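A look at the structure
Next come the chains, spelled out residue by residue.
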Amino acid sequence: MNVLFLIVQQTMFFSIPLLIVALGGLFSERGGVTNIALDGMMIMGAFTSIFFINQMQATMSGQSLLLIAILIAVGTGAIFSLLHAYASINMKSDQIISGTAINMLAPAFAIYVARMIQDNGIQQISFNNTFRISSVPILGDIPVIGGLFFRNAYITTYIGFAILIVSVIVLYKTKFGLRLRACGEHPHAADSVGINVYKMRYAGVIISGALAGLGGLVFVVPTSTNFNATVSGYGFLALAVMIFGQWKPLRVLFAALFFGLMKTIAAASSVIPILATLPIPSDVYKMTPFIATLIVLAFSSKDSQAPRAVAIPYDKGSR
Amino acid sequence: MKRLQKFFMGHSIQRLSKMPGGSMKRLQHFFMSTGFNHASASVFSIIVGLLFGLIILFISNPSQALEGFGIILKGGFSTGAKGTGQVLYFATPLILTGLSVGFAFKTGLFNIGAAGQFIMGGTTAVYIGVLWTSIPAPFHWMVALLGATIMGGLWGLIPGLLKAYMNVHEVISTIMMNYIGMYTANFLVKSYIYDSQMALSKNVAPTAVLPKGGLDYVFYNQMGNSKDLSTVNAGIIIALVMAIIIFIIINKTTFGYELKACGFNKNASKYAGINEKRSIVLSMVIAGALAGLGGGLLYLSGGSGRRIRVVDVLAMEGFNGIPVALLGLSNPIGIVFSAIFISYITVGGNYLQTLNFVPEIIEIIIACIIYFSALSMFFRTLLPRFIKFIKHKKFPEGENIEEGQTQEEGGEL
C-alpha cells in the first residue's frame, strides 16, 4: 500500500506541471497561435518566483510564501508572453521563429541575471523547501483516499486541478471561450460577427504565458532545491501532452496523468518490488514513458486534428 | 530620410539607367530579387541584435563594454588561425543539424528531433570507431560516418512512418524520439564504449579519426617550434558538400520538387500523382540522416575533439539547428553562413569571460537576432508597399521612373 501511495504522490509531481503548462498551450493554440515558447515561459516564471523565494525565505515561509511566488510566476509568464504575442499577432511573423527566439532567450537571460545579481556570481538559485503539506487537515485522515491525495502533497496540486476545472468552464461554457475557439478555427468568420480577433488571440497567448510561468514554479518546487535555469525540457513535453490530448482539456488531463504515471514507474523502478528484481538497465526504464506515449499515439491519432487556423497569422485583408 | 529616398528612388535609378543595358538590368534584378531582400533582412536583424548586445554590455559593466563588444565582433579571429579553425569545427555540426531542420521545413515538417538523431548518429560513429578496428584504415572513418548517417536516418524514419501512416504529429513524435535517443545513447556508451575515469566515451581508434584534409596546414598557431593545431578537419568539407547536395536536391530535382509540393499542400500533390506518404517518410529520413551525420562529424575528431558525455540532457547541437535553419531562411547556402556566424560569435563569447562578463550574453544576442528576424518578415512585406506609396505621393515626377522601369521589364521579356 505504501508503494501505491508513493506512486500516486510522485505521479502528481510529474503530471501537474505538465497539465498546467499543456492547458496553457491549449489556450494559445485554440486561439490560433502556436506556442512552442512554453519552455522559455516556464523558465522565466520559475526564475523570478524562485528568486523571490530565495530572497524572502528569511522572513517568510510555508504556504503564504508559495502563494505570493505563484502570483509572481503567473505575472512573469504573462508579461514575457507579450513578446510572443506582439511578434505573432501584430507583426504577423512566423510563430515558430519567435517561439524559438524566446526559448533561447529565457535560459540565457535567467543565467545572466542570476550571475549578475547573486553574490559570488553563481547561476543556481537555491531555496529551502518549506511548502510540503504532510497531511491536509481532516481530509488527510480519510482512509485510502487521504493517503493517496491528501498527504505529502503540495498546494500546487490542488491549484492544478482547479485550473483544469476553470479551463473547461471558460472554454466551453462562456462567451469568451466560444469566441477564442472561433478565432482558432475560422478567424475571418469570427471577425465578420464583430469579434476582435487580435484581442482574443492576445488573451489566449497571455493566458498560456501565465499558466506556463506557473507551471515552471510548480515543476521546480517539489523536485529540486535549486533552480539552474532549466525545466528539463518540460515545456516541450507539455507541448507533446497537449497534442496527445488533442487540444481538449479533459484529454490533456489523461495524457498528463498517463505520462506522469509512466515516468513515476520509470523513476521508482528500484523500489517497486516486481520491477526491482528484473535485470533491466535503468536507462530502459527511463525511456519507457516516451515509447509508451508513441505507441498510444500511433493508435489514437487517426482523427487528430489541430485547430484549423493555428500558426496562421490573421490578416484582415486576406481572403 | 527624404533625401535618402530621393537618392534611391530617383538618383540611383537614373544613374543606373545610363549604364549599359545588360549590367544595369542584372544589378537591378539582383537588388529586387527576393534572395537579396531576405538576406538583407537577416543582416538587418544581426545588426539590431548586436546593438542590443552592446546595450546589455553597457548595463552590466559600462567601463569594459566597448572592449567586450570588440571581443564579440572579433569572435573566433581573436586567437588567430587556430581560433578560426575552431569556429569551423563548431560550425560543422551546426551546419548539419541546421540542414536537417531546414530541409524538413522546406518539406512542410517541423523536425524538433535533431537532438536525438544527432546523439544517436554520434554514438553509432564512436561505437564503430572504437570497436570495429578490423576495418582497414582508409575505410574505417567512412564506415563510421555511414553508420552515423544510417542511424540518424532510422531515428527520422520512425516519426516519418508514424506521420505518414498513423497521422501522429511529427512535433510530438520527434520530441519523444529525442528522449528515447538520449537514453539509448547513454545506455550504449555506458555499456560498450565508456571511459569511466573521464566519465566520457572512449577515444576512437586512430583509423576512425577524420582526416585533416589539408586544413592542418592552414589553421594552426605557431608555438615556438611546435604547431598548436586546431581541431578542424575534413568534417567541414563534408558539411559544405552536403549543403550543396541538399541545395541541388531541393532546387534542381524532380524528387525535391515533389517533397516541396507535399509541404505546400498534401492533398494537391496527391491529386497530382505524387505519393505523399512516401514523400513524408523520405523527408524525415533525409532530415534524420543529416543530423546523424552531424553527430558523427563532431565526435570523430581525435584527441582534441569532443567526446560524448553521459548526462540526462538533450544534445544542444540538435536544438541549435532550429535557430541556424531559421536565420538561414531554410536555404542550404544560407544555413552554411548562419551556422558559421553563430559558431563565430559563440567562440568569441567564450573569450568574454576574461573581462568579467557572462558568456550567456551571446545567447541573448542570438535570441534577439532571431526575434528581430521574425519581425523583419513584416517589414519585408511592408517596405515595397511603402516605397510604392512614397513614389505616388511625394514624387509626382517619379511616374516617369516607373514608366522607365516597366519598359525595362518589358524589354526583359
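Residues numbered from 1 in each chain as written. Chains lettered and ligands numbered in written order. Predicted model: local features only at pLDDT ≥ 70, side-chain atom pairs only at ≥ 80, totals over all residues.

Let's talk about the overall build of chain B
The number of helices and strands found in chain B is 16 helices and 4 strands. The proportion of buried residues among the 413 residues of chain B is 49%. Long-range contacts, defined here as pairs at least 24 residues apart, represent 77% of the contacts in chain B between residues at least 6 apart. (Helix = DSSP H or I, 4+ residues; strand = E, 2+ residues; numbered from the N terminus. Buried ≥ 20, exposed ≤ 12 C-beta atoms within 10 Å, placed from the backbone. Contact = placed C-beta atoms within 7 Å.)

So, the domain arrangement of chain B
All names here are of chain B. Taken domain by domain, chain B consists of domain 1 (35-61 + 359-382) and domain 2 (79-355). Inter-centroid distance (C-alpha atoms) of domain 1 to domain 2 is 25 Å. Contact residues are listed per partner, giving 10 residues for domain 1 and 11 residues for domain 2. Within the residue set of the side of domain 1 that touches domain 2, elements represented by two or more residues are α3 (34-60) and α15 (360-394). Tallying contributions element by element places α15 first for the side of domain 1 that touches domain 2, with 7 residues. (Domains from an automatic or database assignment.)

Observations regarding helix α7 (residues 137-166) of chain B
The periodicity of an α-helix, 3.6 residues per turn, causes residues three or four positions apart to be oriented the same way. For α7(B), which comprises 30 residues, the first-to-last C-alpha distance of 44 Å matches the rise-based estimate of 44 Å (1.5 Å per residue) to within 8%. N167(B) sits one or two residues past α7(B) and shows a positive phi near 60 degrees. (Expected span 1.5 Å × (residues − 1).)

Remarks on the interface of chain A and chain B
Chain A puts 39 residues into the contact, and the matching count from chain B is 37 residues. Contributing elements (two or more residues each) for the side of chain A that touches chain B: α4 (95-117), α10 (234-244) and α13 (282-300) of chain A. A breakdown of the residues in the side of chain A that touches chain B according to their chemical character gives 26 nonpolar, 7 polar and 6 charged. (Nonpolar A, V, L, I, M, F, W, Y, C, P; charged D, E, K, R; others polar.)

What about the nonpolar core?
Ranked by internal contacts, the top residues of the largest apolar core, which has 212 residues, are L18(A), A22(A), A46(A), V241(A) and I370(B). At 14 residues, the largest contribution of residues to this core is made by helix α12 (residues 276-299) of chain B. Taken domain by domain, this core gets at least three of its residues from each of domain 1 (35-61 + 359-382) and domain 2 (79-355) of chain B. Excluding anything up to four places from it in sequence, A22(A) contacts A238(A), V241(A), M242(A), G245(A), V252(A) and A256(A). Core analysis: the next-biggest nonpolar cluster, separate from the first, contains 7 residues, C183(A), A190(A), V197(A) and M200(A) among them. (Core = buried A, V, L, I, M, F, W, Y, C linked by C-beta atoms within 7 Å.)

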